[in-house]
Amino acid sequence: MSGDSEVKVRAAVSRGVGMVTSIEDLLLAAPGPGEVRVAIDACAVCHSDLMFLDGGWSIDFPVVLGHEAAGRVVELGEGVDNVAVGDRVVVSLIRACGACRACRRGHDVACTGDLALRNRSPLSDLNGKPVTHGLGTAAFAEQVVVHRSQVASFADSVPAEAAALLGCGVLTGVGAVTNTARVGKGDSVVVIGCGGVGLSVVQGARLAGADPIIAVDPLPAKQEAALRFGATHSTGPDGTTDRLVEATGGHLADHVFITTAAPGAFAGATSMLNRMGALVLVGIPAEGVTVEIDPGVLAVANQRILGSKMGTARLCEDVPRLIGQYQAGLLDLDGMITSTHSLDDIDTAFDEARSGEVIRTVVVFDHADNVKDPSG
Ligand SMILES: [Zn+2]
Ligand SMILES: [Zn+2]
């Protein structure tokens, strides 16, 4: 049932670093082979969106950002069999061809396959000029076209705002614990940074049976939030070592997760590690940030440094598991949503996320806008 006509969608268009966002009508191409069109119900603001908006990472403007989303499938390209029209789906930036070496080994986050959407944006302005498909998703828009591997379906009983968080922040945080670091029962864990990703690491560590779980954040409100989400201890950055020594009886941490992009968080992080410990790098700093590491110390202490992009997740496995944990009351998604905004109010959502005072703010779409006739 692949269509051949583009649709008009309202989207939040960012035209340059530091510029306010404009809400514009754009043209969205029909899904090609292996692609799906999804009407977006909710898309959370992630710090990665802000890194592009604020110039920390480079991107081609104009761009539509937004990559932590949930919606409903409205059109299938040729050969799509993992979802059906009408399915409610989580939408993520993780895109896996299924055939390259990484995909064959189950490493979806490392896919190098030559997918059509890697080479062309499905978005253009009304004059036909291309608009960047931000993070391969562009979900600050009424509808998106993404590769079939970027969606995973979920039950009707789960609110879209909650499911959206599984597209990036929660997937990244919980996945870092379960997939990347493989935290076990009784492991001692330090979590540096208690935003949406950090609190998801805290939740993942709690689910894995880690103890103690020491949450570190400069903001007292975030320290309190971490305790609500399952941290056993919380502290500001200056008190980390004391707290760690006290909570572990001097054994230090089996895992230190850095979930912030703040350069200061990386310096000295390995000194918190126990023998056999692992430093898990989750937050992605601005381009050009470097840290010094003493390789001798790491070698002698059998310590590891692990990069963790998107929680080393596979959507087809991780989303159903996380949805199940949410439905069983084990994973708190609703408590992570501090505010919601309409698309027209997206700059307020960006400001709230930038201030660090919200856990997650979600842009919600009026459903009436989402059922436009595909012909335009
Ligand atoms: Zn993200
Ligand atoms: Zn691949």
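Use the structure listed above.
Analysis parameters
Residues numbered from 1 in each chain as written. Chains lettered and ligands numbered in written order. Predicted model: local features only at pLDDT ≥ 70, side-chain atom pairs only at ≥ 80, totals over all residues. Heavy atoms only, no water. Pairing = 2+ DSSP bridges. Helix = DSSP H or I, 4+ residues; strand = E, 2+ residues; numbered from the N terminus. Phe/Tyr/Trp six-rings, centres within 6.5 Å; stacked < 30°, edge-to-face > 60°. Buried < 20%, exposed > 50% of the residue type's maximum accessible area, 1.4 Å probe, protein only. Salt bridge = Lys/Arg side-chain N within 4 Å of Asp/Glu carboxyl O.

Asks: Account for the sheet that holds strand S1 (residues 7-13), with residues named and values stated.
Replies: Spatially, three strands are ordered S1-S2-S7 in an open sheet, and the strand pairing comes out antiparallel. Sheet topology places S1 and strand S7 (123-124) at the edges, where each strand pairs with a single neighbour. Two strands pair when backbone bridges link them, and strand S2 (residues 22-28) and S7 are joined in this way by two bridges, in the antiparallel orientation. Bridge assignment links Leu-28 to a residue of S7, and that residue is Leu-123.

Asks: Now, about the packing of aromatic side chains: what can you tell me, with residues and values included?
Replies: Taken as a whole, this structure holds two aromatic pairs when the rule is applied. For the pair Phe-52 and Trp-57, a centre-to-centre distance of 5.2 Å together with 75 degrees between the ring planes defines the contact as edge-to-face. The pair formed by Phe-52 and Trp-57 is uniform in burial state, with each residue classed as buried. Measuring from centroid to centroid gives 5.6 Å for Phe-140 and Phe-350, while their planes differ by 75 degrees, and the two rings are edge-to-face. Of the two residues, Phe-140 is situated in the loop between strand S8 (132-133) and strand S9 (143-147) and Phe-350 in helix H11 (residues 346-355); the sequence distance between them amounts to 210 residues. Overall, Phe-140 belongs to the buried group, its relative accessible area being 1%. With relative accessibility at 2%, the residue Phe-350 sits in the buried group.

Asks: Pulling in residues and values, what's your account of the pattern of salt bridges?
Replies: The final tally for this structure, using the stated rule, is eleven salt bridges. The salt bridge partner of Arg-10 is Asp-344, with a shortest N-O separation of 2.8 Å. You can see Arg-10 sitting in strand S1 and its partner Asp-344 sitting in the loop between strand S17 (337-341) and H11, a full 334 residues away along the chain. Using a relative accessible area of 25% as the deciding quantity, one classes Arg-10 as partly exposed. Asp-344 gets classed as exposed once you look at its relative accessible area, which sits at 53%.

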